[in-house]
Amino acid sequence: HLEALPKLEIVACFGSGREAMDLAAAQARGVVVTDTPYPIAQSVADLALGLIIAVMRRICEGDRYVRAGKWPQGPFGTGRELGGKTCGIIGLGQIGRGVAKRAEAFGMSVCYHGPGPKQDIAYPYHADLETMARLSDCLVVTCPSTPATRGMVDARILGALGPEGFLINVARGAIV
C-alpha cells in the first residue's frame, strides 16, 4: 500500500515487524525500512516468564477469588510449581534464548523447536513440534511469523500439549 503514500521516505517499526512489509516494493520506491528487533528482546522474554508464572501458579485466578470475597469459603489452590517442569520453546532466537535462561533459573528443563538445531546450544532440539509439545508442560511461542510458521500451532499441537499444558504466545497471533 505504498502507493497511498507518495512522499513516504522511511518506515520504522518498533520491534520486529518487517515481515509484514513488502520490502521489494519499498526498495523499488527508495523507501528505507528499519526496525529495532533486539532492544526489546529481553523485555519480551521477561513478559513471557511473567505469563508462565501467572498461568502456572494461577495468580490472576487467585486474585479474582480473593476480590470476589470467596476466601472465607476455603483455600484457593496454589497452581503448579515451575521447578521440575519442561518449557518447550518454539524459536530459539534472542527472545527464545532469554526465555530459556529465565525458565532455567526457575528450575525448569528447556527444550526447543525451530528450523534446525543450533550449534551453540546445549538444550535438546526437537525437529518434530508435536513430540516436543507432548513432552512440554509449557509451550512458549517466540518464533517470527513467516509463511512456514503461520498456523504452526494448530489443534494437533494443542492436543499434544494436552489439557494440563500451558501455551504462552509472545509472537504473532497468526502462528497459533
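Before going into details, it helps to say that this report is about the structure given with it. (Residues numbered from 1 in each chain as written. Predicted model: local features only at pLDDT ≥ 70, side-chain atom pairs only at ≥ 80, totals over all residues. Heavy atoms only, no water.)

Let's talk about the packing of helix H2 (residues 41-57) against helix H4 (residues 94-105)
No. 1: The interhelical angle for the contact between H2 and H4, taken along N-to-C directions, is 45°, at an axis separation of 8 Å. The angle between H2 and H4 places the two elements in the oblique class. Relative to H4, the crossing made by H2 is right-handed. Facing H2, whose interface residues are Ala41, Gln42, Val44, Ala45, Asp46, Ala48, Leu49 and Ile52, H4 presents Gln94, Ile95, Gly98, Val99, Arg102 and Ala103.
No. 2: Residue composition of the contact of H2 with H4, grouped by class: nine nonpolar, three polar and two charged. (Axes fitted to C-alpha atoms, helices over the stretch in contact; angles between N-to-C directions. Helix = DSSP H or I, 4+ residues; strand = E, 2+ residues; numbered from the N terminus. Parallel < 35°, antiparallel > 145°, perpendicular 65-115°, else oblique. Left-handed = near helix turned anticlockwise from the far one by under 90°. Contact = heavy atoms within 4.5 Å. Nonpolar A, V, L, I, M, F, W, Y, C, P; charged D, E, K, R; others polar.)

Observations regarding the packing of aromatic side chains
No. 1: In this structure the tally under the stated criterion is two aromatic pairs.
No. 2: Judged by centre distance (5.1 Å) and plane angle (45°), the ring pair of Tyr65 and Phe76 falls under tilted. Placement of Tyr65 in helix H3 (residues 59-67) and of Phe76 in the loop between H3 and strand S3 (86-90) is noted, with a sequence separation of eleven residues between them.
No. 3: Since its relative accessible area comes to 17%, Tyr65 is described here as buried.
No. 4: The interplanar angle of 55° and the centroid separation of 5.2 Å between the aromatic rings of Tyr112 and Tyr125 together place this pair among those described as tilted. Of the two residues, Tyr112 sits in strand S4 (residues 109-113) while Tyr125 sits in the loop between S4 and helix H5 (129-135), which places them 13 residues apart along the sequence.
No. 5: According to the relative accessible area criterion, Tyr125 is partly exposed, its value standing at 25%. (Phe/Tyr/Trp six-rings, centres within 6.5 Å; stacked < 30°, edge-to-face > 60°. Buried < 20%, exposed > 50% of the residue type's maximum accessible area, 1.4 Å probe, protein only.)

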